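# Reading the structure
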Amino acid sequence: MKSMIAKGVAPLLAALLLTACAAPELKQPQVDTPAAFKEPQVMTAEDGTSWKPAQNAERQPRGEWWLAFSDPALNELIAEATRNNANLAVAAARVKQARAIAGIAEADRIPQIGVGVGAQRARNSALSLGVPAGTDIAPQTTYNANLTASYEVDLFGRVSSNVAAARGDAAQVEANYRSVLLSLQADVAQTYFRLRATDAELATVEQTVRLREESVKVNQRRFDLGDIGEFDLSRAKTELSTTRSEAIGLQRRRATTEHALAVLLGKPAAAYTAGNSPLLDSTLLPAIPTGVPSALLERRPDIAAAQKAMEASNARIGVARSAMFPALNITANGGGAAGHFSDVFKWSSRSWVLGALLSMPLIDGGRNSNNVKRSEAALEESVAGYRQTLLGAFAEVEDNLAGLRILGGQTAQIDEALVSARRSADLAQKLYDAGRSSYLDLLDAQRNLAAVERSAVQLRGDRAVTTVALIRSLGGDWN
């Protein structure tokens, strides 16, 4: 009867011990995922009066989102940055390290086998051999060769939990690499469009400079003829110098942007020169369908990294718990020892040892229990980090959707303003030439036109940069 009870209790006790030290089941954190994004998933029509679904970029290859811009120069820049960027190389090296660490953890699953060959020459004292003092003891040489083996039986899941944690770490680092890659690609695209927008703005200001130069010449001739006073000539010269100063400021901004692009490409700033390529049209920008919010869980690499961090933290709870239970190590050592190396491998020189050691802590001052608490707190931290990453991802998409919607409305209004400003400047010039209005009226109309033209160019660049930002917030893919 007792033996039957013992047979029934032993498996139950073993199961309880295994359950006590195993990593807990990881439950996916509950985050309120909206059914749809708050912002409309649409873009303005070209005339700014209607809305249309964003559909025209869906057939682009998965992940190669920059192809949707149909810009060969952008394609080359992203390819070059992917090859040469130092930060990406750092992230790639970290992936190799994490994979190697995971391989080290995997090695504990199999027996560790080693071999050793050596020689030793020694002379014992007479006292240690139990012979009279002063007895002449000859030195001896011993040769040995051994084959050793050791293996930890994974009784309570320490090895398997450690492997799971290392795999989780490696997956997290790989996801971080993809996040760095996506950020690099987006940074290159945004810097490229900022550079082109600056070129377009600079072209607009330089055109204004040319108009101001012509105005100074005309006013100088009229002043020389006595048709106008010195006041109009001075105002014309002031406007020319002011506009030239604005052009110089834009040249400084262009140089800074060009240097930033060089760093992204992995080049010294002094060794890179970007060609002049004004951003003349924003109607060719791809319309990006955003899909449903839950798709972000699969697309964004930073969310994937946060998920893997939770898995690794959960597995480390199992590692910490297993330290409170017995560990079983099996060792074996076999070989030979002889006074001559040629005799080491003879049968008469053989020796072997087999051993098994079952060990567990008895008094550790609370070290292991506190290590379990620390691991559980680390899991809580990673869960909170996952939630925060997810909420931040949703907010980024909403920000960029709102940005594109507002920029679309602004562009429609500025286009109308541009038509009116050009008409006003033309009428002001004709009235001034006919002597029916003052030079101040002409300057006011020209300043207004220049300001509207610059605003239109700036909005064009903002729309391109925000489109890239939306793609980045969607995880670099809209399929």
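Described below are features of the structure shown in this document.

What counts and what doesn't
- Residues numbered from 1 in each chain as written.
- Predicted model: local features only at pLDDT ≥ 70, side-chain atom pairs only at ≥ 80, totals over all residues.
- Heavy atoms only, no water.
- Salt bridge = Lys/Arg side-chain N within 4 Å of Asp/Glu carboxyl O.
- Helix = DSSP H or I, 4+ residues; strand = E, 2+ residues; numbered from the N terminus.
- Buried < 20%, exposed > 50% of the residue type's maximum accessible area, 1.4 Å probe, protein only.
- Axes fitted to C-alpha atoms, helices over the stretch in contact; angles between N-to-C directions.
- Parallel < 35°, antiparallel > 145°, perpendicular 65-115°, else oblique.
- Left-handed = near helix turned anticlockwise from the far one by under 90°.
- Contact = heavy atoms within 4.5 Å.
- Nonpolar A, V, L, I, M, F, W, Y, C, P; charged D, E, K, R; others polar.
- Pairing = 2+ DSSP bridges.
- Patch = residues over 30% accessible without salt bridge, like charges linked within 9 Å, V, L, I, M, F, W, Y side chains within 5 Å.
- Areas by Shrake-Rupley, 256 points an atom, 1.4 Å probe, with all protein chains shown as cover.

## Things to note about the pattern of salt bridges
Throughout the structure, instances matching the rule amount to 23 salt bridges. Of the charged contacts in the structure, one is a salt bridge between Asp71 and Arg196, with a shortest N-O distance of 3.1 Å. A residue pair is termed long-range when its members are at least 10 positions apart, and Asp71 in the loop between strand E2 (51-53) and helix H2 (72-84) and Arg196 in helix H5 (residues 158-225) qualify at 125 residues. Judged by its relative accessible area of 9%, Asp71 is buried. Arg454 is the partner of Glu246 in a salt bridge, and the nearest nitrogen-oxygen pair spans 3.3 Å. With Glu246 in helix H6 (residues 230-264) and Arg454 in helix H10 (residues 439-473), this residue pair connects regions lying 208 residues apart in the sequence.

## Looking at the packing of H6 against H10
Packing of H6 against H10 leaves a shortest axis separation of 11 Å and a crossing angle of 10°. As judged from the angle between their axes, H6 and H10 are roughly parallel. Once H6 is placed against H10, the crossing between them reads as right-handed. For the pair H6 and H10, contact is made by Phe231, Asp232, Arg235, Ala236, Glu239, Glu246 and Leu250 and by Tyr439, Leu440, Leu443, Arg447 and Arg454, respectively. Here the contact of H6 with H10 is composed, by residue class, of six nonpolar, no polar and six charged.

## Here's the deal with the sheet that holds strand E3 (residues 112-122)
Sheet architecture is open: four strands sit in the order E3-E4-E5-E6, paired in antiparallel fashion. Pairing within the sheet leaves two strands with one partner each, and these edge strands are E3 and strand E6 (350-359). Direction aside, neighbouring strands of the sheet carry axes that sit 20° apart on average. Where E3 meets strand E4 (residues 140-153), eleven bridges bridge the pair, whose relative direction is antiparallel. Along E4, the bridge assignment pairs Gln120 with Thr142.

## So, the pairing of E4
Looking at chain direction, E4 and strand E5 (residues 327-338) are connected through eleven bridges and run antiparallel. Note that in E5 the partner of Ala149 across the bridge is Ala332.

## Looking at the environment of Asp227
Tracing the sequence through the fold places Asp227 in the loop between H5 and H6. Counting along the chain gives 208 residues from Asp227 to Gly435, while the straight-line C-alpha distance between them is 9.9 Å.

## Quick notes on the side chain of Arg300
Position of Arg300 among the secondary structure elements: in the loop between helix H7 (296-299) and helix H8 (301-322). Residue classification places Arg300 among the buried positions, given a relative accessible area of 6%. Among all residues touching Arg300, those that are not within four sequence positions of it are Ala393, Glu396, Arg472, Ser473, Leu474 and Gly475.

## Notes on the pairing of E6
When you tally the buried positions in E6, you get zero out of ten residues, a small fraction of the element. Note: E5 against E6, ten bridges, orientation antiparallel. Pairing of Ala332 across the sheet is with Leu354, part of E6.

## Points about a nonpolar patch on the surface
Together, Ile113, Val115, Val117, Leu147, Phe341 and Phe345 line one region of the surface with nonpolar side chains, adding up to about 700 Å² of accessible area. Element by element, the count of residues in the nonpolar patch is highest for E3, at three residues. Tracing the chain through its elements places Phe341 in the loop between E5 and E6.

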